[in-house]
Amino acid sequence: MKKNVLIVGAGGVAQVVAHKCAQNNNVLGDIHIASRTLEKCRAIVASVQEKNNLNVPGVLEAHELDALDIDATKALIERIRAQIVINVGSPFVNMPVLEACIATGAAYLDTAIHEDPSKICETPPWYANYEWKRRDRCAEKGVTAILGVGFDPGVVNSYAALARDEYFDRIDSIDIIDVNAGSHGRYFATNFDPEINFREFTGQVWSWQNSQWTSNRMFEVKRTDDLPVVGEQTTYLTGHDELHSLSQNFDVPDIRFWMGFGEHYINVFTVLKNLGLLSEQPVKTAEGLEVVPLKVVKAVLPDPSSLAPSYSGKTCIGDLVKGEKDGKPREVFIYNVSDHADAFEEVGSQAISYTAGVPPVAAAILIAQGAWDVKKMVNVEELPAQPFVALMNRIGLPSRIRDEKGDRALEF
Ligand code: NDP
């Protein structure tokens, strides 16, 4: 059994990961949290203790770490004997952290595709630019690396695998729909790192249509659906990580990602973008100061974790899958609904961080228990979906299904 977890990063998602690891430390062993800013790690440790979230008495420690420094990360993994690393730092640190795992043999999990700070929207499939180049080395060294195991990417990849294995003979389309129908009460804020959030929307929108990569502009294509709990919602075709593995691992002609945005978000985003304030390229001020506009915007916006206490409302994220079963057309929506206030009550975070933070802990438990300790690099849809979805039902992210038989809990 693999034990002892190192959590990299101390942002909104890391807070959830730490609480959930603590609630399951009887399986996961010692819990360590390391990030650039030690104070943030300490605050997370204090919040876990305050909520009395350790399942059994055990180690819960904070460390300062620059995760871009591979040797420092290796040394920490070895010193604390971590066998599982949950990387929920910024996506800029993903490949250095993976390198440290390959060197030490620790299992690696992340929740987002690696990004190079100087590049926006690289050539699809995105995983081939960085992660999949390290596939052979993971297999040679027997290192388990599970890529993109948040909610989206992550759980939605598992939902697609469930649809393929349990509910369809042939799938024609997978539309992943992500709606946050909550309200944070601030003039403008992003739900996770503004820099990462904006970078998702300033490039081309890549989607998989008619079995090929198709390019659109952001906010060019939209749809409206009547969704469970959150009701009628408009969402926009968006480029997103999961399309870049599902398109390669599934034989499905149309795989798209749709994200909900309010008119206010779109207006503010459009003004910022048109003014050049979302650019990742440095500019020089009249005083000779060199600044990256996107980083300045990040610095003046609210810290996403500060939104949690007053966040209300719910998220609904799921896969709308269409195809054929037993010669008949079929449509299935597999989804989760999460509540911002409930997440805050349990772990002190909003539901976006909650939905992203519970899945990597479920994955870590499955690695510790062996079921997902596959000793190679995989995307989530390549792993058995049932144990993952069943475990999340128990630890805070219950799944549901809506099909011709109605709407019900997804249980195994
Ligand atoms: P935050 O920006 O809140 O946190 C990122 C953390 O990474 C910060 O604590 C930051 O440190 C730390 N960090 C940055 N650079 C370094 C470094 N060089 N060394 C050590 N630590 C570093 O992000 P979130 O918590 O919102 O998101 C975390 C990850 O989860 C991101 O990759 C994001 O894309 C992903 N995500 C995935 C989702 C999914 O469903 N799949 C949904 C939401 C997010 P510091 O505090 O010093 O700035």
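Residues numbered from 1 in each chain as written. Predicted model: local features only at pLDDT ≥ 70, side-chain atom pairs only at ≥ 80, totals over all residues. Heavy atoms only, no water.

Lay out the pattern of salt bridges in plain terms, naming residues and giving numbers.
In the structure shown here, the tally under the stated rule is 23 salt bridges. The closest approach of N and O atoms between Lys 119 and Asp 116, which form a salt bridge, is 3.9 Å. Arg 400 is the salt-bridge partner of Asp 407, the closest N and O atoms lying 3.0 Å from each other. Under the relative-accessibility criterion, Asp 407 is labelled partly exposed at 35%. Judged by relative accessible area, which is 33%, Arg 400 ranks as partly exposed. It is possible to trace a salt-bridge network through shared partners that takes in Asp 175, Arg 223, Asp 225, Asp 254 and Arg 256. (Salt bridge = Lys/Arg side-chain N within 4 Å of Asp/Glu carboxyl O. Buried < 20%, exposed > 50% of the residue type's maximum accessible area, 1.4 Å probe, protein only.)

I'd like to hear about the environment of Val 97, residue by residue, with values.
In this fold, Val 97 is placed in helix H5 (residues 94-104). Of the residues examined, Val 97 reaches a relative accessible area of 0% and is grouped as buried. Residues Val 97 and Thr 202 lie 105 residues apart in sequence; the distance between their C-alpha atoms is 26 Å. Once residues within four sequence positions are removed from consideration, Val 97 is found in contact with Val 8, Ala 67, Val 85, Asn 87 and Tyr 108. (Helix = DSSP H or I, 4+ residues; strand = E, 2+ residues; numbered from the N terminus. Contact = heavy atoms within 4.5 Å.)

Can you explain the site of the ligand? Please cite residues and give values.
Around the ligand, the surrounding shell holds 28 residues, and the nearest of these are Arg 36, Thr 37, Lys 40, Ala 67 and Thr 111. At a separation of 2.9 Å, an oxygen atom of the ligand approaches a polar backbone atom of Ala 10. Separating a nitrogen atom of the ligand from a backbone N or O atom of Pro 153 is a distance of 3.2 Å. Split into classes, the residues belonging to the shell around the ligand amount to 14 nonpolar, 9 polar and 5 charged. Built from parts of two domains, the shell around the ligand gets at least three residues from each of domain 1 (5-151 + 352-395) and domain 2 (155-348 + 398-409). (Near = heavy atom within 4 Å. Polar contact = N/O pair within 3.5 Å; in protein donor to acceptor, adjacent residues only side chain to side chain. Nonpolar A, V, L, I, M, F, W, Y, C, P; charged D, E, K, R; others polar. Domains from an automatic or database assignment.)

I'd like a description of helix H3 (residues 38-50), backed by residues and values.
Taking 1.5 Å of rise per residue, the 13 residues of H3 would be expected to cover 18 Å, and the 18 Å separating its terminal C-alpha atoms lies within 8% of that figure. Taken together, the buried positions of H3 are Leu 38, Cys 41, Ile 44, Val 45, Ser 47 and Val 48. Taken together, the buried residues of H3 touch helix H1 (12-23), strand E2 (31-35), strand E3 (60-64) and helix H12 (340-347). Immediately downstream of H3, the backbone of Asn 52 shows phi near 55 degrees, a positive value. (Expected span 1.5 Å × (residues − 1).)

Account for the state of the cysteines, naming residues and giving values.
Evaluated as defined, the whole model comprises 0 disulfides. No disulfide involves Cys 41; its nearest neighbouring cysteine sulfur is the one of Cys 21, lying 14 Å away. (Disulfide = S-S within 2.5 Å.)

Tell me about the packing of helix H4 (residues 70-80) against H5, and name the residues and values.
Look at H4 against H5: their axes get within 9 Å of each other, and the N-to-C directions meet at 50 degrees. Relative to H5, the element H4 lies oblique. Classified by chirality, the crossing of H5 by H4 is right-handed. From H4, Ile 70, Thr 73, Lys 74, Ile 77 and Glu 78 reach across to H5, where they touch Pro 96, Glu 99, Ala 100, Cys 101, Ala 103 and Thr 104. In terms of residue class, the contact of H4 with H5 is built from 6 nonpolar, 2 polar and 3 charged. (Axes fitted to C-alpha atoms, helices over the stretch in contact; angles between N-to-C directions. Parallel < 35°, antiparallel > 145°, perpendicular 65-115°, else oblique. Left-handed = near helix turned anticlockwise from the far one by under 90°.)

Explain the domain arrangement of the protein to me, and be specific about the residues and the numbers.
With domains assigned, the protein is organised as domain 1 (5-151 + 352-395) and domain 2 (155-348 + 398-409). Centre-to-centre, using C-alpha coordinates, domain 1 lies 22 Å away from domain 2. Taken residue by residue, the interface counts 41 residues in domain 1 and 44 residues in domain 2. Together, the buried faces of domain 1 and domain 2 total about 3,600 Å²; carbon and sulfur atoms form 61% of this surface. (Buried area = accessible area lost by both parts, 1.4 Å probe.)

Give me the lowdown on the pairing of strand E12 (residues 254-260), citing residues and values where you can.
Burial analysis of E12 places 6 of its 7 residues in the buried class, which makes it a mostly covered element. As judged from the 6 bridges shared by strand E7 (residues 170-180) and E12, these two strands associate in the parallel manner. Across the sheet, Ser 173 pairs through a bridge with Asp 254, a residue of E12. Taken together, the 3 bridges between strand E11 (residues 231-237) and E12 define a ladder with antiparallel strand orientation. Its bridge partner being in E12, Tyr 236 is matched across the sheet by Met 259. (Pairing = 2+ DSSP bridges.)

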